[in-house]
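One letter stands for each residue in the lines below.
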Amino acid sequence: MTANEAYAELVRRAKELGVVNSCAAALGWDHQTYMPPKGVVLRGEQLSFLASLAHQKLTDPKVGELLSAVEGSELVRDPECDAGANVRELRRAYDRATKLPPALVEELSRVTTEAQQVWELAKKKNDYASFRPLLGRVVELKRQEADAVGYQHHRYNALIEEYEPGTTVAELKALFAGLTAELAPLVQKIAAATKRPDTTVLAREFPIDRQKVFAEAAAVAIGFDFGAGRLDTTAHPFCSGFGPGDCRITTRYNPHFFNEAFFGVLHETGHAMYEQGLPAAHFGTPLGAACSFGIHESQSRLWENQVGRGRPFWDHFYPRLRQTFPTALADVDADTFFFAINDVRPSLIRVEADEATYNLHIALRFELEQALLSGDLTVADLPGAWNERFEALFGLKVPDDARGCLQDIHWSFGGIGYFPTYTLGNLYAAQLMDAAKRDLGAGLDDDFRRGDYRRLKHWLGMHIHQHGQRFRAGELCRRATGAPLSPQPFLSYLNEKFGALYGVC
Ligand code: ZN
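Residues numbered from 1 in each chain as written. Predicted model: local features only at pLDDT ≥ 70, side-chain atom pairs only at ≥ 80, totals over all residues. Heavy atoms only, no water.

Observations regarding the overall build of the protein chain
What counts here: A run of H or I in DSSP becomes a helix once it reaches four residues, and a run of E becomes a strand once it reaches two; helices and strands are each numbered from the N terminus. Only protein chains enter the calculation, and the probe is 1.4 Å; a residue is then buried if its accessible area is under 20% of its type maximum, exposed if over 50%, and partly exposed in between. Whether two residues touch is decided by their heavy atoms; if any such pair falls within 4.5 Å, the residues are in contact. Only four residue types enter the tally: Lys and Arg on the positive side, Asp and Glu on the negative side, with His and both chain ends excluded. For this purpose, a charge sits on NZ of Lys, CZ of Arg, CG of Asp or CD of Glu.
Helix and strand content of the protein chain: 21 helices and three strands. Based on the C-alpha atoms only, the size of the protein chain along its principal axes is roughly 75 × 50 × 50 Å. For the protein chain, the residues scored as buried account for 53% of the 505 residues in total. For the protein chain, the proportion of contacts with a sequence separation of at least 24, taken over those separated by at least 6, is 72%. Side-chain charges in the protein chain split into 55 positive and 64 negative, and the spacing between the mean points of these groups amounts to 2 Å.

Looking at the domain arrangement of the protein chain
A common measure of how large an interface is: the accessible area buried when the components associate. The test is simple: Marked domain ranges trace back to an automatic or database domain assignment. When two parts are put together, the accessible area they lose, computed with a 1.4 Å probe and summed over both, is reported as buried area. When a carboxyl oxygen of Asp or Glu is within 4 Å of a side-chain nitrogen of Lys or Arg, the pair counts as a salt bridge. Counted as a polar contact is a pair of N or O atoms within 3.5 Å, where, for protein atoms, one must be capable of donating a hydrogen and the other of accepting one, and residues adjacent in sequence contribute only when both atoms are in side chains. For this classification, the nonpolar set comprises Ala, Val, Leu, Ile, Met, Phe, Trp, Tyr, Cys and Pro, the charged set comprises Asp, Glu, Lys and Arg, and every other residue, Gly included, is treated as polar.
Each assigned domain of the protein chain is listed with its residue range as follows: domain 1 (3-150) and domain 2 (169-502). Computed from C-alpha coordinates alone, the two centres of domain 1 and domain 2 are separated by 26 Å. Taken residue by residue, the interface counts 38 residues in domain 1 and 42 residues in domain 2. Taking both sides of the interface into account, the surface hidden between domain 1 and domain 2 amounts to around 3,500 Å²; carbon and sulfur atoms contribute 63%. The shortest N-O distance in the salt bridge between glutamate 89 and arginine 472 comes to 2.9 Å. Seen at the junction of domain 1 and domain 2, the total is 21 residue pairs in polar contact (both at pLDDT 80 or more). Those elements that provide at least two residues to the side of domain 1 that touches domain 2 are helix H1 (3-33), helix H4 (82-99), helix H5 (102-125) and helix H6 (128-149). Residue contributions to the side of domain 1 that touches domain 2 peak at 11 residues, all from H1. The class makeup of the residues in the side of domain 1 that touches domain 2 is 18 nonpolar, nine polar and 11 charged.

Some remarks on the sheet that holds strand S1 (residues 229-233)
Just so we agree on the cut-off: Paired strands are those between which DSSP finds at least two bridges. Angles run from 0 to 180 degrees between N-to-C directions of axes, and those axes are lines fitted to C-alpha atoms, restricted for helices to the stretch in contact.
Strand order across the open sheet formed by three strands is S1-S3-S2, with mixed pairing between neighbours. Both edges of this open sheet fall to S1 and strand S2 (239-243), since each of them pairs with a single strand only. Taken pair by pair, the neighbouring strands of this sheet meet at an average axis angle of 20 degrees, ignoring direction. Of the strand pairs in this sheet, S2 and strand S3 (residues 246-251) are connected by four bridges, and their pairing is antiparallel.

As for the nonpolar core
Rule in force here: The nonpolar core is taken to be a set of buried Ala, Val, Leu, Ile, Met, Phe, Trp, Tyr and Cys residues, with the residues joined through side-chain atoms within 4.5 Å.
In terms of nonpolar packing, the biggest core is built from 134 residues, with Phe258, Phe262, Trp314 and Leu456 touching the most fellow members. Here this core spans two domains, and each of domain 1 (3-150) and domain 2 (169-502) adds at least three residues to it. Non-local contacts of leucine 456, meaning those with residues more than four positions away in its chain, are made with Leu302, Trp303, Val307, Met433, Ala436, Leu440, Leu444 and Phe448.

Quick look at the packing of aromatic side chains
Working definition: an aromatic ring pair is given by the centre-to-centre distance plus the angle between the planes. How we decide: In this analysis, rings of Phe, Tyr and Trp, with Trp reduced to its six-membered ring, are considered paired at centre separations within 6.5 Å, and the interplanar angle assigns stacked below 30 degrees, edge-to-face beyond 60, and tilted for intermediate values.
The final tally for this structure, using the stated rule, is 39 aromatic pairs. Ring geometry for phenylalanine 262 versus tryptophan 314: centroids 5.4 Å apart, planes at 55 degrees, classification tilted. With phenylalanine 262 in helix H10 (residues 258-277) and tryptophan 314 in helix H12 (residues 311-324), this residue pair connects regions lying 52 residues apart in the sequence. For the pair shown, phenylalanine 262 and tryptophan 314 are each scored as buried.

Some details on H4
To keep it simple, the criterion reads: To estimate how far a helix should extend, the number of its residues minus one is multiplied by 1.5 Å.
Between its terminal C-alpha atoms H4 stretches 26 Å, which fits the 26 Å expected from 18 residues at 1.5 Å a residue. For H4, every residue scored as buried is listed here: Ala83, Gly84, Ala85, Asn86, Val87, Glu89, Leu90, Arg91, Tyr94, Arg96 and Ala97. The inward-facing, buried residues of H4 contact H1, helix H2 (40-59), helix H3 (61-70), H6 and helix H7 (155-160).

Some words on the packing of helix H8 (residues 169-192) against helix H17 (residues 420-440)
We apply this condition: Crossing handedness: left-handed means the near helix sits turned counterclockwise from the far one by under a right angle, and right-handed means the same turn made clockwise.
As a packed pair, H8 and H17 sit with axes 12 Å apart at the nearest point and diverge in direction by 60 degrees. Pair H8 / H17 crosses with left-handed handedness. Contacts from Leu172, Leu175, Phe176 and Leu179 in H8 reach Pro420, Thr423, Leu424 and Leu427 in H17. Taken together, the residues that form the contact of H8 with H17 break down as seven nonpolar, one polar and no charged.

Overview of unusual backbone geometry
Look at asparagine 126: it is not a glycine, yet its phi comes out positive at around 50 degrees. As for its placement among the helices and strands, asparagine 126 is situated in the loop between H5 and H6. By relative accessible area, asparagine 126 is classed as partly exposed at 34%.

Things to note about the environment of leucine 159
Structurally, leucine 159 is set in helix H7. Owing to a relative accessible area of 1%, leucine 159 belongs among the buried residues under this scheme. Sequence separation between leucine 159 and glutamate 145 is 14 residues; the distance between their C-alpha atoms is 8.1 Å. In this structure leucine 159 touches Arg96, Lys142, Glu145, Ala146, Leu373 and Ile416, once residues within four positions along its chain are discounted.

Comments concerning the pairing of S3
Summarising burial for S3: five of the six residues are buried, a large majority. If you look at the hairpin formed by S2 and S3, you'll find two residues sitting between the two strands, and glycine 245 has a positive phi there, around 85 degrees.

Brief notes about the packing of helix H11 (residues 293-307) against H17
Axes are the key here: two packed helices are described by the angle between their axes and the distance separating the axes. We apply this condition: An angle below 35 degrees is read as roughly parallel, one above 145 as roughly antiparallel, one from 65 to 115 as roughly perpendicular, and any other as oblique.
The geometry of H11 relative to H17 is characterised by a closest axis approach of 7 Å and an angle of 60 degrees between their N-to-C directions. It follows that H11 is oblique to H17 by the angle criterion. Along this stretch, H11 crosses H17, giving a crossing that reads as right-handed. Taken together, the residues of H17 that come into contact with H11 (itself represented by Phe293, Gly294, Ile295, Glu297, Ser298, Gln299, Arg301, Leu302, Asn305, Gln306 and Val307) are Thr421, Tyr422, Leu424, Gly425, Asn426, Tyr428, Ala429, Ala430, Leu432 and Met433. Of the residues that constitute the contact of H11 with H17, the class distribution is 11 nonpolar, eight polar and two charged.

Concerning the environment of arginine 301
Relative to the helices and strands, arginine 301 resides in helix H11. In this structure, the C-alpha to C-alpha distance between arginine 301 and histidine 267, residues 34 residues apart in sequence, is 6.1 Å.

This is the structure we're talking about:
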């Protein structure tokens, strides 16, 4: 078999696996949206059948033979050409999947399923003790996973690799150190500012049917293609790209709080536009897939915060919002509304945090999960360590574990190494926005004031979406912005925006 034939067979198999995974995604979306409750057992069987079929296809020894037949050939000499990138990333996925012993995969799946159920109850009852043994088990199994797949310097590197290939704990530590050193004092200055927004205007009556119409109009305006997607309602909002021509997003409406659904929709639309912008011809192969979790999150945060919480966006949308909600907003001027949606205050819960304090929540989790994995911190000491560090960062006392170390689902499903991707998303978003403004000129804000987002969307398509996994995240950022990732663009953005709003800095 020639290298060309081997590569063609690899692509055929990858596309087949892409189809299997998209079937699972469609069933998973239905599970969260419209499936009747009694369908849950059958759905479990369908999904576990597809998961094992996908695993079989991914770890088939034939894939290893095909990869070996292509590697070293002329076809992949340029690691960033089509075949070079596809083979590089297929090798990564194949190695990772085949290095894990089946017994460990099974045990991880069993323990994390149980841990998620126990965590949910433990959070409800504020009972960390009931979750502790399972968390200990998860941490131990993740150590075994890291040892099985291999790593350099630190076990944590093996786990980050699942979400952010090519990024190391050393790089993350440097980013977080630079970020937190400036962010913590900025947040304290804002917290101490006497100028405060009136956030009660966002907690008035916002009828759900009108919220839906308005949010959909905003999603269309920024570029979501409803001919290739849907917006539905779920308890926990998400975006699921099935493949070319079909990407589903969801949100959750709160009739007494405007921000929840609206900014949730902008966020998920950002994810969805990335999915809709991936090159359809490469579906199933790495070139047709998103680069990393951090880059994915940069697309959602860019539209949600950099654009959607910016003044030019609301210069266009606020008059329309007022028409949509005449009762709630009759006496609220644009300045009051804009200040309210940019409320910054230290708070206990990550998912409710504003764009400035949010990253301190992540810094805390990043520190603690490294310590858990290395054994410097035991699961028994986690609540104490959490509360102490939280108070140092936020100046707030944690009243109970439900609002402390039990608040997130991530550790229960084994997602150690996942949290940093949220902050990477924020940092990438700011740096990309700077680069887009530099490339497209100051007129970009004028586009936004007219409700025109086409040039920004096109820029993101050219610099991010169309590349799939051709480049690793760090290289993609360097090519798009001309520099490696740095916390500075994000910090400058925060200082400028919140300095003006709160009269600090
Ligand atoms: Zn997201």
